[in-house]
Structures are given as C-alpha cells and as structure tokens.
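Architecture and fold: a report
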Amino acid sequence: MKRTTLSLFAGATALAAVTGFAAVSAPGNTGSDTTEPAATLPVERTGLLCPAPSNSDLAETSYTSFTPVTEGADEKGTAALEAATAESEGEKDDKGEEKDDKGEESGDKADEPVVQPKEPGTPATGKTSGADTPALIGTATGSHAPGWTVQQTTEVAAGTGRGLLGLNCTAPDTEFWFPGASTAAGRTDYVHLTNPDDSAAVVDIELYGKDGALKSTVGEGITVPPNSSEALLLSTLSDVNEADVTVHVGVRSGRLGAAVQALDDKTGGDWLTAAADPASELVLPGIPEDATSVRLVLFTPGGSDADLKVRLASPSGLITPAGHETVHVKAGMTTGVDLGEITRGEAGSLVLTPTSGSVPVVAAVRVVRGKGGEQESAFIPASDPVAARATSADNRAKSTTLSIAAPDRAAKVKVTASSGTEGGTTATKTFTIKGGTTQNVEAPVPAGLEGTYALTVETVSGGPAYASRTLTGEDDDVASFTVQTLPDDRGMVSVPKAEEDLSVLQQ
C-alpha cells in the first residue's frame, strides 16, 4: 500500500508540473504542521485557444505570440498554433484531398501556420484576411510554456461589428460565465466553442435575462467534434429578446475554449471574454477615461440575492458614483445598470464589494467611446489580479494605454517592454500605485521600436494589482478600440515537496 500511495502522489506532482493547469497540495500531518511550503516551478506545458476571428470579408486579423523569459524554465521548448478544423469539415475530391473555393487542391500554403512563435523574450506576429480564417489550437512546451500569450486583433472596416476586436487567446476550461451578452434587436452575438482534444466535448449553454432563465430547447447536450470549433448564434438558442443576457457555458465532458463575439449595428463590436469566477468582491479594471457610456451587467448564480456597494477607483482615490451607490442583484436574474460617463475624463476601475453577507457574483461592463455615427464598443469583465506576472502582446507605441489599479493597499509593479517584432531593445519601468486608485501609467516603449511589442507586468510588493490594456485604432477620426484584462499568466505551478510525510494516506 505504501508503494502504491507514493506512486500515485508522485504522478499527481508530475502532472501539475507538466500541464500547468492545476496546483497540487499534499495532505498535512494529523498532528502538528511541520511540512515545508510547496515549491513554485515553471510549467512545462500549456495550451491556448483562439476563436475564428470574423465572418466579415473585410476583416484583417493579426496574431502576436510572446513568451516572457522565465528563470528556471527548461532550456528547450516549442510553441505552435494550428487550425482547429476537423478533417470531416473539408470538401473532398475523389482522392480525399481538400479543395479550395476554386476547386483547386489546397497546397502547402494552406498548411502554413499563421504565426510562428519565436524564442522567449521575442514577440512574433502574423496576419490573415477575410472571413475564412479558422479558430486556432496552440500548444507550448518547455521554455516556451511559462506565461505564453497570444493576442488576436481584428479590424473590420464596415458593417455590423465594425471596428477593432481583440482578445487574449485562452486556456481550455470546463465552465465559463459571460455577463453582458444580448439577444436584442440590433445585436448579433455568437458563442464560440473550441475543442482542442481528440475526443468530442459535450456542453450545455444556459441564458439568463432580467426575469431569470430564458427558455431553450437546443442549449443542452451540444457536441463539439474533436479538434474543431463551433459558433452558435445566441438568438437561435432562445427566441426571447433581452438587452442584457448572462451566458453560462458548462462542459459535461472534455474541455473547451469559449468566448462571445458581440456585434452591434450601431456601436461596432468586440469580444466578450469570460468573467472571473463568481465572487463577493470584484474588480473591473481600466475603463477608458473618455468613455461616453458604461453599462454594468451582473448575475448571481446562487440562490440568494446580492447587494453590492459600487465604487470607482479613480486617480485620486475611491469615489462613490452619485445615484449608483449600491446595486441589488436578484438571484438567478441578470441586472443591468447604466452608469453613463462615470469616468469623466480620468482613468477608472469599478470596485464591487458586498454591503452585507457574501454572495458570489459575476460581472462585466460594456463601454462605448465616441458619439453619433462614430461610436464603438468594447467589454471589460471582472478580472483576477496580476498576481505574479501578466502579459499583453500586440502593443503599438501611440495606440496603447496600460491601466493599473490597486483597490486595497498600495502596490508596486514592474513593467517590461519586450523588443519589437521587427527591431528594438527592451525597456523597464517601475510604478507605485496608491491604494484605492487607478493609474494610466506611462508604459515603457522599446528603444528603436520597429513593429509591435509585448508588455509584461510583475507584482513587486504591496497589495493586489489589477491591470488592463486598451488598444485604439490607427484612424484618429474613429473611436475604435478594444480592452483586454491582464490576470496572472499561469506561468508557475505549486508542487509539493516529495519528502513530505505521507503516512496519513497509509491505511
């Protein structure tokens, strides 16, 4: 029994170090606690999933891959992104070979990766165009795995969902919450599901409006084939028109990447990425200072109502917005609150805390910039803190705004700009963010920059720091933009000491 127990525990420890998707803690002694703290090691393998970027023929999409240099990581490694296209999807000729729209056999060009990741510390980029770009499945090992980040940025010149759409490609998981979606007229929202594995995944999709769950007969038991991606139009899952909808994606078997593409006839479109796990205290970092409209959408998945205090962490401290001091969220129902021009020309982050009790909530804001026919929209979900390190790829010298919030105590952070994709040398700055504030910091830019670059944020000391990056379009006359939050990059994993006392497992 002892040998079996040790083998099982060693296997669990190795799994944590290899996958980077879980932290393993050893059982403690039944007596006094004499165990040493777990070691923190770089992950040795990680995966990322990027949804199909657009169904518009006018779409121009860029992908930027970057892995920060991690001390203690394996000296060797690889990273690759491949199309998530199941073999059965391609149109075959008599010999079983795929053909393109013109009936010609697809050559090597179709098999070339859209971006070829480079060694850690050096960003790499690639571009595609049109509506036929597939979802991507990525895997990184060894030195390329810790903190691997891929940014997908799409520019759509006209039509529904025009503007700048961006997201950080995400790791596969089994549950996702998306407050801020919609089935209303004028909105065309799709939930994208990407399966990275060799076996089918089965998923349930639930929609919640202002009065509770929306009736649907097609949202249960959806099958996503192996190594493929599906885009489901929300309005086909329910015929109820709702301005504010919370989407819950629960995976019965397998694992998936999930994101909602929200396209609006009047205010453009962007990606709504999954909110942080339900919690009683939430931070939504980096609302643009020139936002002309901010709408907060909340949902509580439990059986109890939630009452939350609403505050804005501004550059000068925490502010309670007049008329929106608190918000009441009914159990199982989506609540939308129009906060207007809450930032009033200054950087800001929403801080939500319970007025009493502790009821888990998920939240996101829909932000609009510009006025009239030049309006564009983006989403900021509640985010986890930076923790040890977080990275934003695809930054541009005059179009990037880095926002950092310290809602509790002061936080000291280090920000490093990588070299450029086409040239330039790294640069680093350190910032101290006062407690209860949000600062749009003057992030470093690589000297002699050519191309785009990555920004890596590391917590040095103090309280938790939350960060987001706003990227604006190159046309000064159009308010196009996208915002990505920067939670911890999952580059390190906690591994228990092998010599810890396992006698408690022996029966």
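Look up a bit, the structure's there.
Position numbers for residues start from 1 in each chain and track the written sequence from start to end. The model is predicted, so local features are restricted to residues of pLDDT at least 70 and side-chain atom pairs to those at 80 or more, both for listing and for counting; the totals for chains, interfaces and linings are taken over all residues. Heavy atoms from the whole structure form the basis of all side-chain values; hydrogens and water molecules are not counted.

Focus: empty space enclosed by the protein
Spelled out, the test is: Cavity and pocket criteria rest on a 1 Å grid covering protein atoms alone: a 1.4 Å probe that fits but cannot get out defines a cavity, protein on both sides within 12 Å along at least 5 of 7 lines defines an open pocket, and an atom within 4 Å of a point defines a lining residue. Grid points are joined across faces, edges and corners, and a volume is the space filled by probe spheres set on the points. A run of H or I in DSSP counts as a helix once it spans at least four residues, and a run of E counts as a strand once it spans at least two, with each numbered from the N terminus. Throughout this entry, Asp, Glu, Lys and Arg are counted as charged residues, while Ala, Val, Leu, Ile, Met, Phe, Trp, Tyr, Cys and Pro are counted as nonpolar. The remaining residues, Gly among them, count as polar.
On inspection of all chains with the given rule, the structure shows two cavities of 30 Å³ or more. Considering the residues around the largest cavity, the lining is formed by Leu49, Cys50, Pro51, Leu167, Thr170, His192, Thr194, Gly257, Ala258 and Ala259. Of all the secondary structure elements, the ones that give two or more residues to the lining of the largest cavity are strand 2 (45-50), strand 10 (187-195) and strand 16 (257-264). Ranked by residue count, the leading element in the lining of the largest cavity is strand 16, at three residues. Along the lines of polarity and charge, the residues of the lining of the largest cavity split into six nonpolar, four polar and no charged. Surrounding the second largest cavity, Leu296, Val310, His324, Thr326, Val327, Val337 and Leu339 form its lining. Taken together, the residues of the lining of the second largest cavity sort by class into five nonpolar, two polar and no charged.

Quick look at the packing of aromatic side chains
Definition in use: Within 6.5 Å between ring centres, the rings of Phe, Tyr and Trp (the latter by its six-membered ring) count as paired, and their orientation is classed by plane angle as stacked under 30 degrees, edge-to-face over 60, tilted in between. In this scheme, a residue with accessible area under 20% of its type's maximum is buried, one over 50% is exposed, and one in between is partly exposed, where area comes from a 1.4 Å probe on protein chains only. Whether a charge lies above a ring is judged from NZ of Lys or CZ of Arg, which has to be within 6 Å of the ring centre and within 35 degrees of the ring normal.
Considering all chains together, one arrives at three aromatic pairs under this definition. With a centroid separation of 6.3 Å and an interplanar angle of 15°, the aromatic rings of phenylalanine 176 and phenylalanine 178 are classed as stacked. As far as the burial class goes, phenylalanine 176 and phenylalanine 178 line up, both buried. Here the aromatic rings of tyrosine 208 and phenylalanine 299 are separated by 4.7 Å at their centres, their planes lie at 35°, and the arrangement is tilted. Remark: phenylalanine 299 occurs in strand 19 (residues 293-299) and tyrosine 208 occurs in strand 11 (residues 201-209); sequence separation between them is 91 residues. Exposure remark for phenylalanine 299: the relative accessible area of 1% places this residue in the buried category. Aromatic rings pair up to connect Trp177, Tyr208 and Phe299 into one cluster. In this structure, arginine 369 packs its charged tip against the face of phenylalanine 481, placed 5.1 Å from the ring centre.

Brief notes about the sheet that holds strand 3 (residues 59-66)
We count it as follows: Any two strands between which DSSP finds at least two bridges are classified as paired. All axes are obtained by fitting lines to C-alpha atoms, using only the stretch in contact for helices, and the reported angles, taken between N-to-C directions, cover 0 to 180 degrees.
The antiparallel open sheet is built from four strands, whose spatial order is 5-3-7-8. Taken across any chain shown, the strands that pair with only one partner, and hence form the sheet edges, are strand 5 (124-129) and strand 8 (163-168). This sheet shows a mean twist of 15° between the axes of neighbouring strands, independent of strand direction. Bridge count for strand 3 against strand 5 is six bridges, and the pairing is antiparallel. Residue pairing for strand 5: threonine 61 is matched across the bridge by threonine 128.

Concerning the sheet that holds strand 27 (residues 389-395)
Sheet architecture is open: four strands sit in the order 27-34-29-31, paired in antiparallel fashion. Unpaired on one side and paired on the other, strand 27 and strand 31 (427-433) mark the two borders of the sheet. Across the sheet, the axes of successive neighbouring strands diverge by a mean angle of 20°, strand direction being ignored. Sheet analysis places strand 27 next to strand 34 (residues 453-462), joined by five bridges and oriented antiparallel. Within strand 34, the position partnered with threonine 391 by the bridge is threonine 456.

In short, shape yes, function no, at least from these values alone.
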